[in-house]
Each structure stands twice: as structure tokens, then as C-alpha cells.
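# Commentary on secondary and tertiary structure
Next come the chains, spelled out residue by residue.
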Amino acid sequence: MHLIKSGLSLLLLLVLIVVLNTKIGSIPPLGKFFDPDAGFWANAETTAPESEELNLEGTRDKVSVFYDERRVPHIFAENDYDLYYTQGYITAKDRLFQMEVQTYDASGRLAEIIGPDLLERDLETRRLGMPYGADKALEAMKNDPEAMSLVQAYANGVNAYISSLSADEYPIEYKILDFKPEEWTPLKTAHLLKAMTKTLAGRNDDMRMSNTLKYFGEDFVETFFNISPKLTDPIIPATRVWDFKAIPVQKPDSLFVPTSTQDLGEFERPEGIGSNNWAVSGSKTESGFPILANDPHLSLTLPSIWYEVQLHAPGINTYGVSLQGVPGVIIGFNEHVAWGVTNVASDVMDWYEVKFKDSSKREYWHDGKWKPTTTRIEEIKIRGQETLLDTVFYTHHGPVTEKYSRVNPESEPSYYALRWIAHEPSTDVNTFYGLNRAKNYDDYVEALSHYVAPAQNFVFASNEGDIALWVNGKFPNKWKYQGRTVSDGTDPLYDWQGWIPHEHNPHVKNPKRGFVSSANQPSVAPSYPYYMGDDYAPFERGRRINDRLREMENITAQDMQHLQLDNYSYHAATILPEMLGWIDRDGLSESELEKLKLVEEWNYFNDAEKLAPSIFRVWWSKLYDNILDDEFESTKASLRYPARDRLTEILKYDAGFEFIDDINTEKVETLNELVTTSFNQTLSTMRTVLGDGTEEWQWGYYAENDIDHLASIPGFGRERVFTGGGRESVNATRGGNGPSWRMIVELGPEVKGYGVYPGGASGNPGSPDYDSMVETWRTGGFFELKFMKEKPTNYLYKIEIN
Amino acid sequence: MLLTALIILFSFLLNFFLPWWSIALPGLVFGYFFKPKAFAAFGWGFLALFLLWGAQALYIHFANDGILSTRIAEMLQVGSPLLVVLITGVIGGLVSALATLTGALFANKPQRRRSFS
């Protein structure tokens, strides 16, 4: 009896320990997790960081890292190897989980650490050829000893940090998800660069466009997609003369129509992923030297996508923001030049309908003969389950995906091969290596010539007084509109026949107007002799920037800060006066008229405390839906929706536009009726969802600016960040997207930088420096960047590496 | 009381070097040697680790200005960071309680009475 009792007790104890040591569902192993010595409590920063000396044996000479009061590291090394080794080490020290999880995602390995829930995402990543592209990039790096040596130095530094860690020192996310850091490799840097390409150039409308062309016809496509709004002000000024002839490409006689209307998944990039940059020449500034500004708009997360750093070694002294996992500074400046990037929305992702000989998929028809496919076997490890092997077939275009029709789900599936810039071999790190050391315009152009993807508008300014902008990347040389619809996989005329030579990439240096700028709008005017794509951001941000820069004289860094924070809505200014003219006021109640008055008196600035931006936004989107939904939802096929700026223009100049009528009613609706109905719907929806006249109506709350944790762990993000802006404003903050780094650089004998990002240096949610800059970012403040010419005497703490 | 004090001391030392479940060892050992009654064993064992882990957590909570415990409270949806401290104590306490009980039961002299208070 007694033995049974004690035995039971022991059993119970063992069971309790095992249960508390095991991750169950998403609940971390509780005993391990709550242990004050090694669980999450060990990640709470209880003392300010102190100076330390490290004997790493990996570096060749001594390295010093000085942290300034914002905990930005300033690395002073004696050679390139040590510099990148240390960058890897200290980046891992602050951001290890982020580095790892981003590459797990980019390589389709999330299920390995999280479990079967992430399997679908991994399969898609693999079938898009993400690991295939990274393998090719690694191969290219291996053939380029210089690129390989810096990526390897960086990896060695990361690994030195990882191997110094004991389990209690793992970042908290490892304890929540219950896994361990693994060795960092140059391949992971390649994965990370491909992840950027997916975020910024993983976009196409091919199937939607084929469907739209078939369903609504050529006139509709001509009206909505071929014509740019009149207010469009292209990145390269329309006055630019092109003194070269385009390399000719052969075009098919008629456009291919895919056999059925299918969906290839959503690749639409949410608006808000876009950016602004500009540079003004010394003729327009107070100092007489150029000023450069850049604010890349990305999905905002904690930790931030960016990590600020200064890199100093013989031949290099540069400051700016870096990506976790990539050696060098991506956006920044040195003593001679400054540079920044915005995305180019060129079409570099095309789908081809494939004709297989039989169900074995071993051969496909191309150029009049059967050609063999190749295969890649993707091994996907799944936490708690058996490893899955997925065979992906490749044509010469790329990986093949099988799709069932949404319209006729019973019909045979179709096969589509993907040709995508992310599959190109690339050594993009060389570009940043070059930019970080550039002294003048020629160095900048040389550095850009190594760049493949994601294509960026590289803005530039130098101490020599030059300003420039290159629309830069590797662009396929296409016939007009090639690849905007689904392509014929059997016809070589649909293949990417070649590339636009780098020197033909759109660019401008020292234009007469005294400034260069980009905000993701169309790169060029129609006079440019190559076709690059037809789906750019609306004109609004770009035009606002150019309007302002044209007017401004004696510009200071502070003026540029103000412009980055500009909340003006060109969209509202264009369409709202019309909507107010169209609305029928007779049927509106007292309180409805009151709300309408708010909108009438609005100055078109998307300021946080105002109610009008929220009301206008809902009103416009209801109107947009009321005009288009009846036609667009009359088919199951997914279609390409017109851009906001183009529809605005059509309404303004053609109030009798046929889509205004609701095809589901017998009556013929007028624009006045739709505008009035939309306004009524706006107020009743907002009242129901937000309550009448509550603070939730304020734009700063309505816009839902949440900065979520990278892995969406509740409590680790910042919710309801009250701030102005809008997707069509220069300050493009909205709904968790927006300026992920604001930087202004004033060139001159003493280059001065200002910057801020919505995060903090540390990736540790238990550190005060995890989100220490969010408040400054929210209120439109900037920090002066501590660009050091020599080792500082004043610093918060330092790490000496021997 | 001595039993509790010894468990606290040895758990603290072991937990420094060994994984978290090492906190069960002092309970097993001292429960065996002190041979408390079942109810007392459970109670004193619980108290020991509840105090130890609770105090450690509370110290970190204050030294960290509650930054992390507030985030964890939100993650676990328990409302207050002090509840996170309390949960820490309870988890440690439960393991130690069961361990001390097991030790005491194995001592095989359940009838003998001894006071520890």
C-alpha cells in the first residue's frame, strides 16, 4: 500500500516534469519557460549594458565597437574581414531571432520550427523557386571571391556569437517556440536577399489581366490600364532625351489567351509597400551642398527590418541602416556621397501556360518540339511529423505550379511555369560594398552595374555637387505589354529574349530643375524606348513631392524632414470637391449634414486628430465598390481592378461612365445617386462599427497603425500608434505599413545625417531599447546621426574584440 | 521551517548549473530525510519554491521596470504582470511540493510524527 502511494507520487512528479518540459500546441514548455534562471525572465534586461572585452580568435586584428546613447554600434576595424566579421557578430547579438526566422521563411522551412500549420506557406515558397533562386545566387557568389569573402566573414561572425550562447541566453522567441539557433551560412544571406526580392518584386497581375481582357474587352483595358492619369509625373523627367536605340525584340502576331480562367494565387502587394526618395542640388539649398532624403515604406514590425550601424576600416567609413543577414550598409552615406532606394514596380514575374506531353510531366512542348523538364525535390521537415518530399517540375522558364479553375473547379488542372527575376544568379552584395566606399558619381554607377533585384530607384548625391537617380536592376527586354497577361509557354517569342543593357536603364544626372525624386510612380515617360511594366503606384505621392520641391528654395535639412512628414492627400484634393458637388443634400439628416460639413471644411491633410480623413476614406471606398462591384462580381474569375487615381480621373471627366449603373437593378443609377448612397452607407457603417462620434473616428486611430511583432506574438508589438499619414500621402503611414526608416543627409565638408525608425536597436522585448524610438518616430522627430571620423571618447559602452 | 530553508538553498544552487527540473532534487532528498507527514511535506515543499522562484521573478520584474513581465502578461492574457510573477512561483512550488511529498512517502514511516514549524 505504502509503496503504491510513493510510487504513484513519483510517477506524478515525473509526469509533471515531462509535461512542463514539453511544448504543447503553441504553449511553450512551462517549467523551462518560467524558470527565473534560464526561462524568459533571463531575457529581462535588469542592468544597463556594460563594456566588455572578448577573445574571439576569429578576428585578425583588434576591433572596437562603440555604442552611442541610442545603442547604435560604431565598428572600428583594421581590415575588411574583421569589419564584416564583427558586423555579423554584433547584428546577431541584437537581432539573432529575426535573422534566423526571416531565412527560415525565405527558404520554406517554417514548418520545421513551428509545425504543420506553416506547411502550406513552405510549399508555396518552394514552388515559387525561392530556394532554387538562393542556390543560384550562392553559386554566383562562389564564382566571385570578393563577394564570397565578405559573406563568409559575416557568417563567421554570426557563428562566433551563436556558439558563445548558452540556452538561457537564447533570445526569448527561441524559448517561446522551443527551438535552438543553427549555424549561419552564406546561403542564408542569399535567402535573405531573395526574400527582399519576393517582398518588393514578387508581384504580377498576369491571370487577372488575361481574365479582364477576355471579360471586359480591349476598350476597358485601354481606358484603365494603358493610359496613365494626366497628373502622372514620371520619375525620370519627361524632358529627358534618350540618345540610344533600343535593342529590338520580336513580338508575336497575336496575344495568347490562356485556355481557362484560373487563379494563380494572390501576388498583389499591399499599397504602403513603396517608398520616397529625392535629392536636391546645391543650387536649391541654404548650404550650397546637396541634401538627400529617403523613407522606404515597408510592413512595420518589431524588431524593425532595419539595423543602424557605422562601419569604419581602412578604405571605408559609412553609416546607415543594414538588413539582418546582409553585410554592409543598404541605405546610408559616407564622407563623400549619400544614397537611398525606392522600389521599381517593373514587371519581372511572368507566368507561362505549359503544355505537357503526358501526366508524367517529363516533357513539355516548346519551339516546335518536346523538351525535357528537370525536377527539384524539396525536402520539407515538419515539426512533430514525418518529412515531406515535394517534387517540383521545371521548364526552362522556371518552376511549374498546378492550378484548378475557380470558374470550373471540376475541369482538368492547368500548369503554369514561373519566370521570375528572383531565379537569376546575383551578387547584389557587391553593389552595397561599392556604394559604401563610393567617392563620386562614377563609383556609384559602377556599384549599381552589379545589381540584379529587387530593382530600385537609387537616388544619389555627392560632395562634388552631383545629384542623380538610376532606375536600377536587371530588366528583361520585353515587347510592349509582354508578360502582363499569361504567356504562351510553347512559343519562344514569349520568352525573355534578352536584357536591357545597364547603360540603357533609365537615369538622370543633374537635371535642370535642380532635383531628382521617386515615389514608385511610373519610371519614365512614353518616349523611353523599352517596355518595363504598366502597374506603378498612383501619381499622388510623386506629384506632391515634385510640386513641393519645385517651389522650395534655400532648402534646409529641416525642410526635408517636414516634406517627409507631409500628410497632403492629392487624392482627396482631386476627387472630394467633385463628390461634394455630386451629393444630394436634400435627403440628409441634421447629424449627417454635420459630418458632411467636417469633410467640406477639410484641408485635405491626413492629420491624426481629424475625423474628416476617416470619413472621406470610407466614403471613397464605398463609392469605388458601388461603381465596380456589380460588374466585377458578376464572374467568379478574379479580375484586375482599376487604380484609384485612374478611376478618379474617369469619374471627374466622364460622369456618365457606363459602370456607374448598377447592373443588378432595372433602374439606371446616376453618379449623384451613387455618391449619396455611398455617403449614407459610410455614416451608418462607421456608427455601427465605431460608435457615434467616438475617438475611434479620429484618423490616427481609424487607420489602425499597429506595429506587430515579427512573428505576431501578442504583447510584443505596439498597437494603435496614433499618427497621421496615408497611403497617398508623402508620409505613407497606414495600417501597419509606412516609413520604416526616415533619413535626411546634408552633404558638405561635414556631412550631417538625421534619421529615425519605428523600433529600437535591440531585438529583445525585455530591453528598453526594443521600441525606444517609436515615440519619436510617431511624433515626427529625428535623431542626429553620430557619424564618427575617428574612435570616440564619448560613448555609452564598448566591446573590444581581441 | 528548516526543511523549507534547505530546499530553497539547494534549489537555488542547483538551478544555477542544471536545467529547471533540478529543483525537484532537494525536495526528494530532504523530504526523505526529514520524513514529514504527507500534507506537511506537500505544503513545505510548495512554500520553498513558491518563495524562491516568486522572489527571483519579483526581483527581475522590478529591476526590469516590468517591461518584459508586462509583455508576457499580454501574451498569456493574464492581465497583470504580477500574476506572471505569481504563476512563476506556483509552477516552481508545484514541482517542489510533489517532489518533497514523494521523498517523504519513500521514507516509509508515515505514522511517525514530527514537527517542523
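Below you will find a few notes about this structure.

Here is what the cut-offs are and how they apply
- Residues numbered from 1 in each chain as written.
- Chains lettered and ligands numbered in written order.
- Predicted model: local features only at pLDDT ≥ 70, side-chain atom pairs only at ≥ 80, totals over all residues.
- Pairing = 2+ DSSP bridges.
- Helix = DSSP H or I, 4+ residues; strand = E, 2+ residues; numbered from the N terminus.
- Axes fitted to C-alpha atoms, helices over the stretch in contact; angles between N-to-C directions.
- Buried ≥ 20, exposed ≤ 12 C-beta atoms within 10 Å, placed from the backbone.
- Contact = placed C-beta atoms within 7 Å.
- Nonpolar A, V, L, I, M, F, W, Y, C, P; charged D, E, K, R; others polar.
- Expected span 1.5 Å × (residues − 1).
- Parallel < 35°, antiparallel > 145°, perpendicular 65-115°, else oblique.
- Left-handed = near helix turned anticlockwise from the far one by under 90°.

## A look at the sheet that holds strand β9 (residues 331-334) of chain A
Residue and element names in this part refer to chain A. A sheet is described by the order of its strands in space; here eleven strands give the open sequence β1-β28-β2-β3-β7-β8-β9-β10-β18-β19-β21, paired in mixed fashion. Each of the sheet's edge strands pairs with one partner strand only, and the pair in question is β1 (52-54) and β21 (507-509). Within the sheet, the average angular offset between the axes of one strand and its neighbour, ignoring direction, is 15°. Where β1 and strand β28 (residues 797-801) come together, three bridges link them in parallel fashion. Residue pairing for β28: Glu 53 is matched across the bridge by Glu 800.

## Observations regarding the environment of Leu 82 of chain B
Residues and elements named next belong to chain B. By the secondary structure assignment, Leu 82 is in helix α5 (residues 81-106). When the 15 C-beta atoms within 10 Å are taken as the criterion, Leu 82 is described as partly exposed. Between the C-alpha atom of Leu 82 and that of Thr 70, which follows or precedes it by twelve residues, the distance is 8.6 Å.

## Some points on the interface of chain A and chain B
Counting residues at the interface gives 32 residues for chain A, matched by 30 residues for chain B. The element best represented in the side of chain A that touches chain B is helix α1 (residues 2-20) of chain A, accounting for ten residues. In terms of residue class, the side of chain A that touches chain B is built from 18 nonpolar, nine polar and five charged.

## Observations concerning unusual backbone geometry
Residues and elements named next belong to chain A. Residue Leu 302 is joined to Pro 303 through a cis peptide bond whose omega torsion reads -10°. Along the polypeptide, Pro 303 turns up in the loop between β6 (301-302) and β7 (306-313). The step from Ala 453 to Pro 454 runs through a cis peptide bond, and the omega angle for that step is -5°. Summarising the element assignment, Pro 454 is placed in the loop between α12 (441-448) and β18 (456-462). Its identity is not glycine, yet Asn 520 carries a phi of approximately 70°, on the positive side. Summarising the element assignment, Asn 520 is placed in the loop between β22 (515-518) and α13 (540-551).

## Points about α5 of chain B
Spanning 26 residues, α5 of chain B covers 38 Å between terminal C-alpha atoms, matching the ideal 38 Å at 1.5 Å per step. Taking burial as the measure, the 26 residues of α5 of chain B include 19 buried ones, the bulk of the element.

## As for the packing of α1 of chain A against α5 of chain B
Following both chains from N to C, one finds α1 of chain A and α5 of chain B inclined at 155°, their axes separated by 8 Å at the closest point. The orientation of α1 of chain A with respect to α5 of chain B, classified from their angle, is roughly antiparallel. Seen along the crossing, α1 of chain A lies across α5 of chain B with a hand that is left-handed. Residues Lys 5, Ser 6, Ser 9, Leu 10, Leu 12, Leu 13, Leu 16, Ile 17 and Leu 20 of chain A of α1 of chain A form the contact with α5 of chain B, whose participating residues are Ile 91, Leu 94, Val 95, Leu 98, Ala 99, Leu 101, Thr 102, Leu 105 and Phe 106 of chain B.

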